[in-house]
Amino acid sequence: MLEDRLRALELAELRLPPGAATRTSPPPEPPAAPADRYQASDPSRSLRVTVDPDTKVLRFDVSSGWQTRLSAGEFGPALMTAYLDAVRIAATAPRRPHRAEPGPVCSRSRSDSPDLDEWLAQVRQDQAAIGRGLREGRENVAGVSFDVTVLHSPYGLVTLHVRNGALVELVANVAALPRANSGQLHQDLWAVFSAAGLTSDRGTAPASASRHRPRAGEADPEEDLWKGLGAR
């Protein structure tokens, strides 16, 4: 089907950027049955991304203790790994069947065969439909752009490179990441992915992030908790 081919082309746009996180475990297997959401984590289980069946992000989860498991330089590749895994799971998962609308009841007996004129008319209709599909396919290919759009997050923690609506590269600000708290990370991720058109309408933007960071020796109430945003 043309829709499946276009979906495969969109999926082919996704690739790991240079220096992507080295996987220490096999990639997750797609579920056997359709679901309303799909999620994947990076190998360190510090970052988790949840998407809907259309591969749009519903939720980001970043452990407040991610810096104990990842270096700042590993954050970007780890996030890209989690995002791509979630997208691949959603793209390869079984789709819910569409309910076929009941057609008109034909009063003619099954044993009756259409006459030659009816058969030829049906053949012409089928050929016209195939021709329209081919023309639309050529127009879609001709309209593909190779230009890359660069989007910076509000706090400057993450930069996305997007082409034809697909994320092709993610660059994290290694210098700024260690100074950011969980709230800033979540707000930044949601804002820049939304600007790229990669989030779901069912998601919810996070509240304004505080710039407060725990002082040395001060307990972090979010430590080892998954702080999420988006649809629940």
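Computed from a predicted structure; not experimentally measured.

A.B. asks: Could you give an account of the packing of aromatic side chains, naming the residues involved and the relevant values?
C.D. replies: Under the criterion given, the structure shown has four aromatic pairs. For the pair F60 and F193, a centre-to-centre distance of 4.9 Å together with 65° between the ring planes defines the contact as edge-to-face. Taken together, the positions of F60 in strand β3 (residues 57-63) and F193 in helix α4 (residues 182-195) put the pair 133 residues apart, joining distant regions of the chain. When its relative accessible area of 0% is taken as the criterion, F60 is described as buried. Following the ring pairs from residue to residue traces out a cluster consisting of F60, Y83, W190 and F193.

A.B. asks: Lay out the pairing of strand β6 (residues 166-172) in plain terms, naming residues and giving numbers.
C.D. replies: Consecutive residues of a regular strand have side chains that alternate between opposite faces of the sheet. For β6, the tally of buried residues reaches five of seven residues, placing the bulk of the element in the interior. A loop of two residues connects strand β5 (residues 158-163) with β6, the two strands running antiparallel in sequence, and N164 in this loop sits at a positive phi of about 55°.

A.B. asks: Which residues make up the pattern of salt bridges, and what values go with them?
C.D. replies: Enumeration over the complete set of coordinates arrives at four salt bridges. The salt bridge partner of R48 is D61, with a shortest N-O separation of 3.3 Å. In this pair, R48 sits in strand β2 (residues 47-51) while D61 sits in strand β3, placing the two residues 13 residues apart along the sequence. Judged by its relative accessible area of 1%, D61 is buried. We note a salt bridge from R95 to D54, for which the minimum N-O separation is 3.4 Å. Residue R95 is located in the loop between α2 (72-92) and α3 (116-142), and its partner D54 is located in the loop between β2 and β3; the two are separated by 41 residues in the primary sequence. Taking relative accessible area as the criterion, R95 reaches 40% and is therefore assigned partly exposed. Ionic contacts of the salt-bridge type, sharing partners, join the residues R48, R59 and D61 into one network.

Thresholds, definitions, all that
- Residues numbered from 1 in each chain as written.
- Predicted model: local features only at pLDDT ≥ 70, side-chain atom pairs only at ≥ 80, totals over all residues.
- Heavy atoms only, no water.
- Phe/Tyr/Trp six-rings, centres within 6.5 Å; stacked < 30°, edge-to-face > 60°.
- Helix = DSSP H or I, 4+ residues; strand = E, 2+ residues; numbered from the N terminus.
- Buried < 20%, exposed > 50% of the residue type's maximum accessible area, 1.4 Å probe, protein only.
- Pairing = 2+ DSSP bridges.
- Salt bridge = Lys/Arg side-chain N within 4 Å of Asp/Glu carboxyl O.

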